[in-house]
Amino acid sequence: MAGERRTQGGGNCANALTAAARLGLAPTLVTKEAVVDTTGAGDSFIGSCLYGLCTGLPLHATLRLAAVVAACKCTELGARQGLPERAQLAAELLG
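Residues numbered from 1 in each chain as written. Predicted model: local features only at pLDDT ≥ 70, side-chain atom pairs only at ≥ 80, totals over all residues. Heavy atoms only, no water.

Looking at an unreviewed UniProt entry, one finds the protein chain named Ribokinase, with Tetrabaena socialis as its source organism.

What follows is the structure in structure tokens.
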């Protein structure tokens with residue numbers, strides 16, 4: 001994925017800028033009522049991006065995974081609670 005730059009989106013979306021195009025990903029649907037704590041959300045987003053980079057996931061799939069993992073984290077109090085186990089994620093998210 002040379003030539004790509006991944007960024008965390010401001011607000012509620014994820015963006016990536018490549019040499020060829022800009023890719024935007026719609027926000028993962030988590031209601032305001034479901035959000036308990038955002039501590040660790042950025043770390044889980046970046047960690048998921050690293051997973052995608054290391055496993056060769058396409059950029060759009062990497063951003064989708066990162067958004068889902070970060071959204072799940074926000075549903076529990078604390079930096080690690082709410083993080084999904086690999087087995088809890090849909091297979092198509094992992095490539």
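A. Summary view of the side chain of S48. Summarising the element assignment, S48 is placed in helix α1 (residues 41-55). Sequence-distant contacts of S48, defined by excluding residues within four places in its chain, comprise T62, L65, A66 and V69. (Helix = DSSP H or I, 4+ residues; strand = E, 2+ residues; numbered from the N terminus. Contact = heavy atoms within 4.5 Å.)

B. Focus on α1. Helix length check: α1 (15 residues) gives 21 Å between terminal C-alpha atoms against 21 Å at 1.5 Å per residue, within 8%. Here α1 has its buried residues at A41, S44, F45, S48, C49 and G52. For α1, the buried positions fall inside an angular range of 140° around the axis, keeping them on one side. Every exposed residue of α1 that faces more than 90 degrees away from the buried side is listed here: D43 and C54. Phi turns positive one or two residues past the end of α1, at G56, with a value near 80°. (Expected span 1.5 Å × (residues − 1). Buried < 20%, exposed > 50% of the residue type's maximum accessible area, 1.4 Å probe, protein only. Arc of directions from axis to C-beta.)

C. Expanded view of the nonpolar core. Residues L57, A61, L65, V68, V69, L89, L93 and L94 constitute the largest nonpolar core, which totals eight residues. Apart from the residues lying within four places of it in its own chain, the contact partners of L94 are Y51, L57, L65, R86 and L89. With six residues, the next largest nonpolar core counts F45, L59, L63 and A66 among its residues. (Core = buried A, V, L, I, M, F, W, Y, C linked by side-chain atoms within 4.5 Å.)

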